[in-house]
Amino acid sequence: MRGKNKGIDRNVIFLSLIFIILVFTVIFIYRQFRSDEFRHKMDNSECITVSFNIGKGNTLLFSELLIFSPETYKAAIFNIPSNYRSVIESISKIDRLDVLFDFKKPDKMVKKIESIVNIPVDFYVNIDPDNLIKIVDLLSGLELFIANPFEVINDDEIILLPSGSNILDGEKTLVYLSAESLNENDVDLIGRWHKFLQAFIKKTADQSLYLENNDIFNKFYSLFSTDMNKESFKSFITVFKKINTERMILQRILGDRRTIDDQILLFPYYDGNLLKETIKQTLLSIKNEDVISDEEINIKIEILNGTNIPGLAARTAHFFTNLGFDVVSTKNADRNDYEKTVVITRGINSVSANKIAGIIRCNNIEPSSEKPSVAIAGEDNIIINSAARIDVTVILGKDFDGRYCK
């Protein structure tokens, strides 16, 4: 009996050891995933979405949404307007998006951004303007292109930002992001914010060896407010080395501005459905290297509004630009009563016209005996290039709903 009991005891001890090893293995794996949740997302998600917010307290300077594919490392940046018209459930009121901004507790605004773009936001990165100065200085400055020179008086000090490509330190970068110009429209301002995030990603990638030093990285990480822990944030900035910032898709949200309760709010076109469709197409583009080739990107498109709907050509131009095509002209057609949308081949090659027609589901493709035309005037001051050739002309008709021909 004693021998049998000893055998049972050994079996019990052996099974207990196996159980303990399994428990510790599960805990180890769990902690590994928890310690680097970003890497876990990279291994299990089709795209990663990060909300970048520059602000302080309850004041938001601007918000950008970075989306990239873990497979292709193609990326897009969406500007999320502070004055985006939002239903604020907590107060049962329509107001600006940025009333939800709380630097220390950004969950409410992040959730609202998710509902706006119709995709999950995986992480957030908040940057206080004071810390932004330190971040840029730690990276030894950012290379930014300035279209129009700025002259800003700051605490009795005149800060000059000359036009052209410049290496800006932290203080000048903050001026670049926050300065107001009477001669600048929203497109130019949002362009500055886009360029900042592009430059930040590129410079962080360039400084990767420098940031591998634990002391430097710990200091760098401490300057951000994020839901990524150190391991996740380290994996996040390591990915920057694989992102081609020169080929990033840059997006902005179009809409009508209306005054509600003394607030100027941006009402997105088609009640936000055009934005969601643009997001969907952008995701297809960044997930698939072959969605739009370099040759297709070089297609020059002219878009004419053949309806009485104001701004239809401009909105359609924005859609094609978001897909990576080059829209060189938007203007009104020769008349505003086209029943059917027409895609016209400007030249002998119909491949480009077929490609454009397929995107908007247009069946009317016509050849043109005319020589390739030249862009003359634009609608709503959207993309103009008066010297560019035109490969395809799209005349929008009443059958076009802003995305497809019905």
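Computed from a predicted structure; not experimentally measured.

Visitor: Which residues make up the sheet that holds strand β11 (residues 225-226), and what values go with them?
Guide: Spatial ordering of the open sheet is given by β11-β6-β1-β2-β3-β12, a layout of 6 strands whose pairing is mixed. Only two strands of the sheet have a single partner each, and these edge strands are β11 and β12 (249-251). Bridging between strand β1 (residues 48-56) and strand β6 (residues 123-127) involves 5 bridges; their strand directions are parallel. Bridge pairing in β6 places Ser51 opposite Tyr124. Here helix α3 (residues 107-117) sits on the sheet and contacts β1, β2 (59-68) and β6; the angle it forms with β2, its principal contact strand, is near 50°. Sheet strands touched by helix α4 (residues 129-138): β1 and β6. Its angle to β1, the strand with the most contacts, is close to 115°.

Visitor: How would you summarise unusual backbone geometry if you had to cite specific residues and measurements?
Guide: Within the chain, Ser140 stands out as a residue other than glycine whose phi angle is a positive 65°. Locating Ser140 in the fold gives a position in the loop between α4 and β7 (142-146). Not every positive phi belongs to a glycine, and Arg361 is a case in point at roughly 60°. Note on placement: Arg361 falls in the loop between α13 (351-360) and β18 (365-368).

Visitor: Tell me about the sheet that holds strand β17 (residues 342-346), and name the residues and values.
Guide: Taken in spatial order, the 5 strands of this open sheet run β16-β15-β19-β17-β18, and their pairing is mixed. Each end of this open sheet is capped by a strand with a single partner; those strands are β16 (326-332) and β18. The mean angle between the axes of side-by-side strands here comes to 20°, regardless of whether they run parallel or antiparallel. With 4 bridges joining them, β17 and strand β19 (residues 392-396) adopt antiparallel strand pairing. From the neighbouring strand, Val342 faces β19, where its bridge partner is Ile395.

Visitor: Run through helix α10 (residues 273-287), naming residues and quoting values.
Guide: Helix length check: α10 (15 residues) gives 21 Å between terminal C-alpha atoms against 21 Å at 1.5 Å per residue, within 8%. Buried within α10 we find Leu274, Leu275, Glu277, Thr278, Ile279, Gln281, Thr282, Leu283, Ser285 and Ile286.

Visitor: Got a sec to walk through the nonpolar core? Specific residues and values, please.
Guide: Core analysis: the biggest nonpolar cluster contains 55 residues, and Phe68, Phe200, Phe220, Phe233 and Phe236 have the highest contact counts within it. Residue contributions to this core peak at 8 residues, all from helix α6 (residues 186-206). Among all residues touching Phe220, those that are not within four sequence positions of it are Ile135, Leu138, Leu139, Phe200, Thr204, Leu211, Phe233 and Ile237. In this structure, Cys47, Ala76, Phe78 and Phe101 belong to the second largest nonpolar core, which totals 28 residues.

Visitor: Talk me through the packing of aromatic side chains; I want residue IDs and the actual numbers.
Guide: Using the criterion set out here, one finds 19 aromatic pairs in the structure. The interplanar angle of 65° and the centroid separation of 5.4 Å between the aromatic rings of Phe38 and Phe236 together place this pair among those described as edge-to-face. Of the two residues, Phe38 sits in helix α2 (residues 37-44) while Phe236 sits in helix α9 (residues 230-239), which places them 198 residues apart along the sequence. The class for Phe38 is buried, based on a relative accessible area of 0%. Residue class for Phe236 comes out buried when judged on its relative accessible area of 1%.

Visitor: So what's going on with a negative patch on the surface? Residues and values would help.
Guide: A cluster of acidic residues, Asp137, Glu157, Asp169 and Glu171, forms a negative patch at the surface. Here Glu157 lies in strand β9 (residues 157-161).

Visitor: Lay out the packing of α3 against α10 with the relevant residues and their values.
Guide: Orientation of α3 relative to α10, taken along the N-to-C sense of each, is 85°, at an axis distance of 8 Å. What the angle tells us is that α3 and α10 run roughly perpendicular. Across the interface between the two elements, Ser115, Ile116 and Val117 from α3 touch Leu275, Lys276 and Ile279 from α10. Across the contact of α3 with α10, the residue classes tally to 4 nonpolar, 1 polar and 1 charged.

Visitor: How would you explain the pairing of strand β14 (residues 263-268) if you had to name every residue and give the values?
Guide: Relative to β14, strand β13 (residues 255-260) runs antiparallel, the two sharing 6 bridges. Paired with Thr259 across the two strands is Ile264, which belongs to β14. Connecting β13 to the next strand, β14, in antiparallel fashion are 2 residues, including Asp261 with a positive phi near 50°.

Visitor: Lay out the pattern of salt bridges with the relevant residues and their values.
Guide: With the rule as written, the count across this model stands at 16 salt bridges. When the shortest N-O distance is used, the salt bridge between Glu277 and Lys280 registers 3.8 Å. A residue pair is termed a helical-turn pair when its members lie 3 or 4 positions apart in one helix, as Glu277 and Lys280 do in helix α10 at 3 residues. Overall, Glu277 belongs to the buried group, its relative accessible area being 12%. With its nearest N and O atoms 3.0 Å apart, the salt bridge here joins Glu277 to Arg403. Linking Glu277 in helix α10 with Arg403 in the segment after β19, this pair joins segments that are 126 residues apart in sequence. As far as burial versus exposure is concerned, Glu277 and Arg403 are alike and both buried. Residues participating in the shared-partner salt-bridge network are Lys56, Asp128 and Asp130.

Visitor: Please provide a residue-by-residue account of the state of the cysteines, values included.
Guide: Inspection of the entire model under this criterion finds 0 disulfides. Here Cys362 stays free of any disulfide, with the sulfur of Cys405 as its closest cysteine sulfur at 4.4 Å. A relative accessible area of 12% places Cys405 in the buried class.

Calculation rules
Residues numbered from 1 in each chain as written. Predicted model: local features only at pLDDT ≥ 70, side-chain atom pairs only at ≥ 80, totals over all residues. Heavy atoms only, no water. Pairing = 2+ DSSP bridges. Helix = DSSP H or I, 4+ residues; strand = E, 2+ residues; numbered from the N terminus. Contact = heavy atoms within 4.5 Å. Axes fitted to C-alpha atoms, helices over the stretch in contact; angles between N-to-C directions. Expected span 1.5 Å × (residues − 1). Buried < 20%, exposed > 50% of the residue type's maximum accessible area, 1.4 Å probe, protein only. Core = buried A, V, L, I, M, F, W, Y, C linked by side-chain atoms within 4.5 Å. Phe/Tyr/Trp six-rings, centres within 6.5 Å; stacked < 30°, edge-to-face > 60°. Patch = residues over 30% accessible without salt bridge, like charges linked within 9 Å, V, L, I, M, F, W, Y side chains within 5 Å. Areas by Shrake-Rupley, 256 points an atom, 1.4 Å probe, with all protein chains shown as cover. Salt bridge = Lys/Arg side-chain N within 4 Å of Asp/Glu carboxyl O. Lys, Arg positive; Asp, Glu negative; His and termini not counted. Charge placed at Lys NZ, Arg CZ, Asp CG, Glu CD. Parallel < 35°, antiparallel > 145°, perpendicular 65-115°, else oblique. Nonpolar A, V, L, I, M, F, W, Y, C, P; charged D, E, K, R; others polar. Disulfide = S-S within 2.5 Å.

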